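Geometric and topological summary
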Amino acid sequence: MDNQDYNKAEKAVNNTEDSLRSTANDAKWKVSDLADKARDYIKEKRDNDQEATQEDWLDRVKANASDTWEDIKDGASDAWEKTKDAAEDVKAEWNKKTN
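Quick notes on the rules
- Residues numbered from 1 in each chain as written.
- Predicted model: local features only at pLDDT ≥ 70, side-chain atom pairs only at ≥ 80, totals over all residues.
- Heavy atoms only, no water.
- Helix = DSSP H or I, 4+ residues; strand = E, 2+ residues; numbered from the N terminus.
- Contact = heavy atoms within 4.5 Å.
- Salt bridge = Lys/Arg side-chain N within 4 Å of Asp/Glu carboxyl O.
- Buried < 20%, exposed > 50% of the residue type's maximum accessible area, 1.4 Å probe, protein only.
- pLDDT = per-residue confidence, 0-100.

So, on to the side chain of Lys45. Tracing the backbone shows Lys45 in helix 2 (residues 31-47). Apart from the residues lying within four places of it in its own chain, the contact partners of Lys45 are Gln50, Glu51, Ala52 and Asp56.

Before going further, it helps to spend a moment on the pattern of salt bridges. Proximity of charged atoms lets side chains of opposite charge pair with each other. Counted by the stated rule, this structure contains six salt bridges. Across the salt bridge formed by Asp56 and Lys45, the nearest N and O atoms sit 3.3 Å from each other. Here Lys45 lies in helix 2 and Asp56 lies in helix 3 (residues 54-98), a separation of 11 residues in the sequence. The class of Asp56 is partly exposed, set by a relative accessible area of 25%. Overall, Lys45 belongs to the buried group, its relative accessible area being 12%. Here Lys73 makes a salt bridge to Glu70, at a shortest N to O gap of 3.5 Å. Of this pair, Lys73 and Glu70 are both found in helix 3, three residues apart, which corresponds to roughly one turn of the helix. Classification of Lys73 as partly exposed rests on a relative accessible area of 37%.

In this section: the environment of Glu81. Here Glu81 lies in helix 3. Using a relative accessible area of 33% as the deciding quantity, one classes Glu81 as partly exposed. Sequence separation of Glu81 and Thr16 is 65 residues, and the distance between their C-alpha atoms is 9.1 Å.

Looking now at unusual backbone geometry. Although it is not a glycine, Asp49 adopts a positive phi angle of roughly 55 degrees. Mapped onto the elements, Asp49 comes out in the loop between helix 2 and helix 3. You can call Asp49 exposed: its relative accessible area is 74%.

This paragraph deals with the confidence of the model for the chain. When pLDDT is averaged across the chain, the result is 80; 90% of the residues are at 70 or more. Ranking the elements of the chain by mean pLDDT puts helix 1 (residues 3-25) last, at 74, and helix 2 first, at 87.

Written out as structure tokens, the structure is:
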């Protein structure tokens, strides 16, 4: 197997890693933003003369976490497919050269 084939497989793995990192970094709510969102929620409730409750707040967070999980899952699935495809390409090249 040529060094070029190994480099191609390594590049695919690196691209997969970058894709997963990007997906995680693009998550809708980062921890540092959560406190600001909580303050905004409390202010919104106060401005509308409503009671801010932990249960209501957690429902909002849960809905957002669900959306974020879907984004991460999609990115991870895409990364899996890319890595699997690259591994199959390397295996096919190996089989051609050894048969």
